[in-house]
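Single-letter residue listing:
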Amino acid sequence: MSSIDQDLVMKLRRHLRIISHNRGRIKLRYRIGAVSLFKQIESTTGGRLLDAIDGVHKANVNPLMFTLTIQYDADRIEPSWWEDLIQENDETARQVLDRLSAA
C-alpha cells in the first residue's frame, strides 16, 4: 500500500496539463507555480511524491522544458486514472488518489 501526500498532490495538479499520454507513460506540462511545490516535495519526501505510488516506475521533472514525465505500470494503474486526476474536479481527483493508495 502506498503512502501518498494527497494534499500536496491536490495542490500540484492545479499546475499540470497533459501534453501526451501513451499506455504506461504520461507527459505533463507544468506552470511556474509548480516550481515551489517541487521544492516542497523535495524537502518533505526526498523527491518521491509520485514515484512512491505502487505501480509508478519513475517520475522525472525536466525544468528546462517545464515537463513532468511519469512512467507507470498500466496493468496496475488504469491510464484513465491519470486523466481523471489531472483534468477532473477535486472530488474525482481525491477518489483517484484513494484508488492509487490502495493499488
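Computed from a predicted model, the values in this text were never measured in an experiment.

Conventions we followed
- Residues numbered from 1 in each chain as written.
- Predicted model: local features only at pLDDT ≥ 70, side-chain atom pairs only at ≥ 80, totals over all residues.
- Heavy atoms only, no water.
- Phe/Tyr/Trp six-rings, centres within 6.5 Å; stacked < 30°, edge-to-face > 60°.
- Helix = DSSP H or I, 4+ residues; strand = E, 2+ residues; numbered from the N terminus.
- Buried < 20%, exposed > 50% of the residue type's maximum accessible area, 1.4 Å probe, protein only.
- Salt bridge = Lys/Arg side-chain N within 4 Å of Asp/Glu carboxyl O.

Moving on: the packing of aromatic side chains. Within the structure shown, the criterion is met by three aromatic pairs. When the ring of tyrosine 72 is compared with that of tryptophan 82, the centres are 5.5 Å apart and the planes differ by 55°; the resulting orientation is tilted. Within this pair, whereas tyrosine 72 is found in strand E4 (residues 67–72), its partner tryptophan 82 is found in helix H3 (residues 79–87), the two being separated by 10 residues in sequence. We classify tyrosine 72 as buried; its relative accessible area is 3%.

Moving on: the pattern of salt bridges. Tallied over the full model, the rule gives four salt bridges. Between aspartate 7 and arginine 94 there is a salt bridge; the shortest N-O distance is 3.0 Å. Taken together, the residues span a long stretch of sequence, with aspartate 7 in helix H1 (residues 6–13) and arginine 94 in helix H4 (residues 90–102) at a distance of 87 residues. Accessibility expressed as a relative area gives 31% for arginine 94, which makes it partly exposed. A salt bridge links aspartate 90 to arginine 13; the nearest nitrogen and oxygen atoms lie 2.7 Å apart. With aspartate 90 in helix H4 and arginine 13 in helix H1, this pair connects stretches of sequence that are 77 residues apart. Under the relative-accessibility criterion, aspartate 90 is labelled partly exposed at 36%. Judged by its relative accessible area of 7%, arginine 13 falls in the buried class. Where salt bridges share partners, they join Arg13, Arg14 and Asp90 into one cluster.

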